Amino acid sequence: MAIQTINPYNNKEVKSFEEFSAETVEQKIAQADQTYQVWKSVPVKERSKLLMNVASILRKRKEELAKLITLEMGKLIAQSEAEIDMCASVYEYYAQNAATFLEDKPIEVKDGKAFVRYTPIGIILAVEPWNYPFNQVARVAAPNIMAGNVIMVKHASNVPQCAQAIEEIFRQAGAKEGIYTNLFLSNPKIAKIAEDPRIVGMSLTGSEKAGSSLAEAAGKNLKKSVLELGGSDPFIVLEDADLDKAVQNAVKGRFGNMGQACTSSKRIIVVEEIADKFLEKFKEKLTGLKIGDPMERDTQVGPLSSEEAAKKIEEQVNETIKAGAKVVLGGKRIAREGAFFEPTILTDIKPGMVAYHEEIFGPVASFYKVKDEKEAIALANDSTFGLGGSVFSQNIDRAIEVASQIETGMIFINEHAASRPDLPFGGTKRSGYGRELSELGIEEFVNKKLIRISDR
């Protein structure tokens, strides 16, 4: 895939970039390694100043940076601005809390003393996606830079200007060259970089295919990896739920960012007692939304990230309909230029259909009517994915009991799945392994060194 900005609103090319040569990549790895040898000894409180500067710049340049996101991947402008705010909060969170997270952890022993000390390990290579081009990077960069590591980022090829802007912001914030490095590379080059002994850890957010490839490269070279992959999150609504609240959250949870989120509420599972009412209200909320330019604040339906993405969703929906699913709303491309697809609701989805098994990374909700709570849990778990999910019930104890039976890394009660700096983020099954954010996120790429003192 070429490294270029193509505006998905009109599918016109804006700017293209050359891939780095092998010589350039070697120079950048050498610089990162040299910088790490100094950065690893910089006190945590000094590191925090850099991240606070980064956060401050993000907030000051929010309008400019938000427009860059919208230009490159089509996000509605208000949501792009919200992403910059979230990104800044991630840097602030780690700047303010990393010193506590990295404190020595005492171990109770029968004699003498022992504790665990967290120490940095080196260069972390991050492969990041286009759907949240600033925030996804922050989730890896912030904890690792605070831990004393340095970061090299291979960003998605369709958001190169966002990738450049992030590196520029770090420099503006006072980062020495090599603390944060942008790499303009094609995906096949990642395996070669993984062989370099100076790269000690690898993190990827993306598809199963990309995750499998990176995990293979990391494993072959005995390097720690963290993967945040796809999801097909269940959104369970029990008969005692606040119906209006559940509908409102389903709309936001499935159609925010035009459905292009790993934790989108992709499978809406509602018990039959209230299923018809839910579906009626759900459809009503999605009918008549304004389609248009994502730069305009009154637009409610913007383009997908690319023409390729829109075509793939069209194929998945068509295959599902052909197999017998019914269309309650939408179901096709919007007849205008750009990578547009209608907000869609599909029902009567059965095992064997594309929408039952695959992740549809766009504005398509799969709606399921189930007999009861037991059937809802069984359906929620009948997936190869296990990222996030939601349970709606006014009986919190019941909701917790249901949540405990769902095979995912995260469950949200009475709200759609969301990301916050203080909450661990990650999945199980084919949704990946490891955690980002919270205290757990800073523990992934550090040496947890045991120090034992004998009193004998």
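Rules used throughout
- Residues numbered from 1 in each chain as written.
- Predicted model: local features only at pLDDT ≥ 70, side-chain atom pairs only at ≥ 80, totals over all residues.
- Heavy atoms only, no water.
- Helix = DSSP H or I, 4+ residues; strand = E, 2+ residues; numbered from the N terminus.
- Rg over C-alpha atoms; globule rule 2.2 N^0.38 Å.
- Buried < 20%, exposed > 50% of the residue type's maximum accessible area, 1.4 Å probe, protein only.
- Contact = heavy atoms within 4.5 Å.
- Areas by Shrake-Rupley, 256 points an atom, 1.4 Å probe, with all protein chains shown as cover.
- Lys, Arg positive; Asp, Glu negative; His and termini not counted.
- Charge placed at Lys NZ, Arg CZ, Asp CG, Glu CD.
- Axes fitted to C-alpha atoms, helices over the stretch in contact; angles between N-to-C directions.
- Parallel < 35°, antiparallel > 145°, perpendicular 65-115°, else oblique.
- Left-handed = near helix turned anticlockwise from the far one by under 90°.
- Expected span 1.5 Å × (residues − 1).
- Arc of directions from axis to C-beta.
- Pairing = 2+ DSSP bridges.
- Right-handed = clockwise from strand over helix to strand, strands pointing away.
- UniProt positions renumbered as here; feature names shortened; annotations may be inferred.
- Salt bridge = Lys/Arg side-chain N within 4 Å of Asp/Glu carboxyl O.

## Some words on the overall build of the protein chain
Moving on, step 1. Looking only at helices and strands, one finds 15 helices and 20 strands in the protein chain.
Moving on, step 2. Against the 2.2 N^0.38 benchmark of 23 Å for 456 residues, the protein chain shows a C-alpha radius of gyration of 23 Å, consistent with a compact globule.
Moving on, step 3. In terms of its C-alpha atoms, the protein chain occupies a principal-axis envelope of roughly 70 × 60 × 40 Å.
Moving on, step 4. Relative to its full complement of 456 residues, the protein chain shows a buried share of 57%.
Moving on, step 5. At a minimum sequence separation of 6, the contacts of the protein chain that also span at least 24 residues come to 72%.
Moving on, step 6. Just so you have it, the protein chain exposes about 19600 Å², and 50% of that area is on carbon and sulfur atoms.
Moving on, step 7. Distance between charge centres in the protein chain, computed from 59 positive and 64 negative side chains, equals 3 Å.

## Focus: the packing of helix α2 (residues 44-60) against helix α6 (residues 160-172)
Moving on, step 1. For the pair α2 and α6, the least separation of the axes is 9 Å and the interaxial angle reads 125°. By the angle class used here, α2 and α6 are oblique. In this structure, the crossing between α2 and α6 has a hand that is right-handed. Contact with α2, carried on its side by L50, V54, I57 and L58, involves I169, F170 and Q172 of α6 and no other residues of that element.

## Let's talk about helix α8 (residues 208-220)
Moving on, step 1. Taking 1.5 Å per residue, 13 residues should reach 18 Å; α8 reaches 18 Å between its end C-alpha atoms and fits that length.
Moving on, step 2. For α8, the set of buried residues is G211, L214, A217 and A218. For α8, the arc enclosing every buried residue in end-on projection is 130°, short of the 170-degree limit, so these residues lie on one face. With respect to the buried face of α8, the exposed residues turned more than 90 degrees away are K209, E216 and K220.
Moving on, step 3. Of the surrounding secondary structure, the elements contacted by the buried residues of α8 are β5 (123-127), α7 (190-194), β8 (199-205) and β9 (224-228).
Moving on, step 4. Of the residues one or two after α8, L222 is the one with positive phi, at around 55°.

## Re the sheet that holds strand β20 (residues 446-453)
Moving on, step 1. The strand order β3-β4-β20 describes an open sheet built from three strands, whose pairing is antiparallel. For this open sheet the edge positions go to β3 (105-106) and β20, each flanked by a neighbour on one side alone.
Moving on, step 2. Both strand β4 (residues 113-120) and β20 contribute to a ladder of eight bridges, which runs antiparallel. Counted as the bridge partner of T119 is N447 from β20.

## Considerations on the pairing of strand β10 (residues 234-237)
Moving on, step 1. Here β10 shows a buried face lined by P234 and I236 and a second buried face lined by F235 and V237.
Moving on, step 2. In this structure, β10 lies alongside strand β11 (residues 267-271), joined through four bridges in parallel fashion. Bridge pairing links I236 to I269 in β11.
Moving on, step 3. Running through helix α9 (residues 243-255), the crossover from β10 to the neighbouring parallel element β11 is right-handed.
Moving on, step 4. Pairing analysis gives three bridges linking β10 to strand β16 (residues 390-392), with the strands arranged parallel. Among the inter-strand pairings, V237 is bridged to a residue of β16, identified as F392.

## Considerations on α6
Moving on, step 1. When the terminal C-alpha atoms of α6 are compared, their 18 Å separation across 13 residues agrees well with the 18 Å that a helix rising 1.5 Å per residue should span.
Moving on, step 2. Among all positions of α6, only P160, Q161, C162, A163, A165, I166, E167, I169 and F170 are buried.
Moving on, step 3. Taken from the residues just after α6, G174 is the one with a positive phi, measuring 105°.

## As for the UniProt feature "domain: Aldehyde dehydrogenase" (unreviewed entry) in the protein chain
Moving on, step 1. Mapped onto this numbering, the UniProt entry annotates "domain: Aldehyde dehydrogenase" (unreviewed entry) at residues 3-450.
Moving on, step 2. Between the end C-alpha atoms of residues 3-450 the distance is 44 Å, and the span holds 42% helix and 19% strand.

## Describing the pairing of strand β1 (residues 4-7)
Moving on, step 1. Note that β1 and strand β2 (residues 12-16) share four bridges and pair antiparallel. Note on β2: the bridge partner recorded for N7 is K12.
Moving on, step 2. The antiparallel pairing of β1 with β2 creates a hairpin that spans four residues between the two strands, and N11 there sits at a positive phi of about 60°.

## Notes on the pattern of salt bridges
Moving on, step 1. Under the definition given, this model contains 33 salt bridges.
Moving on, step 2. In this structure, R171 and E167 form a salt bridge, with 3.7 Å as the shortest nitrogen-oxygen distance. You can see R171 and its partner E167 sitting in helix α6, four residues apart, about one turn around the helix.
Moving on, step 3. On the basis of relative accessible area, R171 is assigned to the partly exposed category, the value being 48%.
Moving on, step 4. Between D244 and K281 there is a salt bridge; the shortest N-O distance is 3.2 Å. Here D244, found in helix α9, pairs with K281, found in helix α10 (residues 272-286); they are 37 residues apart in sequence, far enough to count as distant.
Moving on, step 5. With a relative accessible area of 32%, K281 lands in the partly exposed category.
Moving on, step 6. Ionic contacts of the salt-bridge type, sharing partners, join the residues R59, K62, D85 and E92 into one network.

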